[in-house]
Structures are given as C-alpha cells and as structure tokens.
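What the coordinates show
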Amino acid sequence: MYAAMHNVDNLISTVDRNGQQIDGTTESVMKLSSLKEKFLAFNWEVLEMDGNILEEVIDTLEKAKTLTGNKKPVVIIMRTVMGKGVDFMENNHEWHGTAPNADQYKKAMDQLPETLGDY
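Analysis parameters
- Residues numbered from 1 in each chain as written.
- Predicted model: local features only at pLDDT ≥ 70, side-chain atom pairs only at ≥ 80, totals over all residues.
- Heavy atoms only, no water.
- Phe/Tyr/Trp six-rings, centres within 6.5 Å; stacked < 30°, edge-to-face > 60°.
- Buried < 20%, exposed > 50% of the residue type's maximum accessible area, 1.4 Å probe, protein only.
- Helix = DSSP H or I, 4+ residues; strand = E, 2+ residues; numbered from the N terminus.
- Contact = heavy atoms within 4.5 Å.
- Pairing = 2+ DSSP bridges.
- Right-handed = clockwise from strand over helix to strand, strands pointing away.

With that settled, the discussion passes to the packing of aromatic side chains. What the rule picks out here adds up to two aromatic pairs. Here Phe 39 and Trp 44 contribute two aromatic rings whose centre-to-centre distance is 5.3 Å and whose plane-to-plane angle is 70°, an arrangement assigned as edge-to-face. Each member of the pair, Phe 39 as well as Trp 44, is classed as buried. Ring geometry for Phe 88 against Trp 95: centres 5.6 Å apart, planes inclined by 65°, an arrangement best described as edge-to-face. Look at Trp 95 and you get buried, because its relative accessible area is 16%.

Put into structure tokens, the structure is as follows:
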C-alpha cells in the first residue's frame, strides 16, 4: 500500500504463488482469492507468469523493468509448482520448510537434471 501511495516506481516485487503453505494447500488453509485483483486494488502494475519456465521468468523480468518509472510499483505473480521435478516433493506441502536428508537429497538431485534441460 505504501509503495503505490507514494508513487514508488523503482520497485519490482515477486510473489511465488505455488498454492502451498506449511499446513496444506492455500485453498484448504486460507483462501487467497485473486492476488492480481488485490494488487490492482492497491494501484500496483501486475504481471503474471509461469515461474517454472526460465525463459518466461527472464522475459517477464525484462518486461517489468520497462514498466518502472510510471509512478507505480510492479509485482510479478509467479505461478509455480512447489518441488517441481522431484517426484516425492512436487506439490507436497510437507516439504515447505523441511530439508531433505542425505538419501532424499541424492534422489532429488538425480531427478533434477532431466527437468532443468539446458539450465
């Protein structure tokens, strides 16, 4: 609220919208409704993107830079899949704030190169 009220226009914020929180899905614990509508109501410039696609992340960050200087802060809502690419972590809120043990870490790292492609 402060940023938009004071025309802070050199601010780009990102929100990871993965639908998970520590006790379960956001829909089952505390519905967030439309974050886009909430930010628009507070006079932010809003961009949305798939945060699991690196090219889209880069393109959206570049677009966000072009929107600065217009007397509005910019927010990017990144729709992501928590634990993307790791079969036992993907969309599992139990991994929100939990570190894997050594065996789980190895299994996760073995799965990631395939999902990361050239990155």
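And the narrative resumes.
Moving on to the side chain of Thr 60. Relative to the helices and strands, Thr 60 resides in helix 4 (residues 54-67). Once residues within four sequence positions are removed from consideration, Thr 60 is found in contact with Leu 47, Met 49 and Ile 76.

Among the six residues in strand 5 (residues 74-79), five count as buried, and that is most of the element. Here strand 1 (residues 12-17) runs beside strand 5; their pairing, made up of six bridges, is parallel. Residue pairing across strands places Ile 12 opposite Val 74, the latter belonging to strand 5. Each parallel crossover has a hand, and for strand 4 (residues 45-50) linked through helix 4 to strand 5 it is right-handed.

Remember, this is a structural readout, not a statement about activity or role.
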